[in-house]
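Each chain, letter by letter, is given below.
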Amino acid sequence: MSTGTTERDEARPTESVTVTINGEEVSREVEPRLKLSDFLRDEAGLRGVRVGCEHGVCGACTVLMEGDAVKSCLTYAVQADGFEIETVEGLATDGELHPLQEAFHEEHALQCGFCTSGFVMSSVELLRETPDPSRDEVKTALSDNICRCTGYHNIYRAVERAAAELDVRAGPEGE
Ligand code: FES
Ligand code: FES
């Protein structure tokens, strides 16, 4: 009577979900209503995935699913079953920041940092598809992300700086 668990709780259905996150497979039994953002934060411990509005407006929760930027607060974990997810935690390699992370630091493109992982993940998608974006293309790509602190110019500059850095790294003709 006083266990706190009701028959209705026990009857709640769960589904098995297996997701590859930053190269590592994670499997859990979850309720179908569990959002991907909560799966990533609470089940996989990836707190770089931020939850702001939970309504698909702010973009703080943006991750890549099969390479496409998605708002993880609008995606159910079960929808990600069998897919590959990338979060901000997977960007640094061998202790070196990704050029976008470095550029956000260099260009002072953040203040409180709450929005930053979402901006960075949207920018990763942009630079993979458009390695040398115009300012308008940067603005359009980031138009689903909201920052309450910085104004956007430093963020745009950071993305352009990272694009230039990645271009230099890409080949000898860039040097
Ligand atoms: S928390 Fe997902 S868009 Fe705001
Ligand atoms: S740096 Fe604070 S919300 Fe963007």
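Since we're looking at a predicted model, the values are computed, not measured.

### Describing the sheet that holds strand E1 (residues 15-21)
- Spatial ordering of the open sheet is given by E2-E1-E5-E3-E4, a layout of five strands whose pairing is mixed. On the outer flanks of this sheet lie strand E2 (24-30) and strand E4 (68-71), each paired with one strand and no other. Pairwise comparison of adjacent strand axes, ignoring direction, gives a mean angle of 40 degrees for this sheet.
- As paired strands, strand E3 (residues 62-65) and E4 are joined by four bridges and run antiparallel to one another. In the sheet register, Met65 faces E4, and the bridge partner there is Asp68.
- Running at roughly 40 degrees to E3, helix H4 (residues 116-129) makes contact with E3, E4 and strand E5 (84-86) of the sheet.

### As for the environment of Thr14
- Residue placement: Thr14 occurs in the loop between helix H1 (7-10) and E1.
- Relative accessible area serves as the criterion here: at 44%, Thr14 is assigned to the partly exposed category.
- Sequence-wise, Thr14 and Glu125 are 111 residues apart; in three dimensions their C-alpha atoms are separated by 32 Å.
- With near-sequence residues (within four places) excluded, Thr14 lies in contact with Glu29, Val30, Glu31 and Pro32.
- Engagement of the side chain of Thr14 in a polar contact is seen with the side chain of Glu29, the distance being 2.9 Å.

### Let's talk about the side chain of Glu107
- As for its position among the elements, Glu107 is in the loop between helix H3 (99-106) and H4.
- Since its relative accessible area comes to 17%, Glu107 is described here as buried.
- Those residues in contact with Glu107 that lie beyond four places of it in its chain are Asn154, Arg157, Ala158 and Arg161.

Cut-offs applied
- Here the residue numbers are simple positions, counted from 1 along each chain's written sequence.
- To label them, take the chains in the order written and letter them from A, then take the ligands in the order written and number them from 1.
- Where totals are concerned, whole chains, interfaces and linings use all residues; where local detail is concerned, this predicted model gives features only for residues with pLDDT of at least 70, and gives and counts side-chain atom pairs only at 80 or more.
- Side-chain measures were taken over the full set of non-hydrogen atoms in the model, leaving aside hydrogen atoms and water.
- When DSSP finds two or more bridges between two strands, those strands count as paired.
- In this text, helices come from DSSP runs of H or I with a minimum length of four residues, and strands from runs of E with a minimum of two, each type numbered from the N-terminal end.
- Axis lines are fitted through C-alpha atoms, for helices just across the contact stretch, and the angle between N-to-C directions can take any value from 0 to 180 degrees.
- What makes two residues a contact is simply this: any of their non-hydrogen atoms within 4.5 Å.
- Throughout, exposure labels follow a simple rule: accessible area from a 1.4 Å probe, protein chains only, divided by the maximum for the residue type, with under 20% read as buried, over 50% as exposed, and the rest as partly exposed.
- In protein, a polar contact means a hydrogen-donor-capable atom and an acceptor-capable atom, both N or O and within 3.5 Å, with residues adjacent in sequence counting only if both atoms are side-chain atoms; elsewhere, any N or O pair within 3.5 Å suffices.

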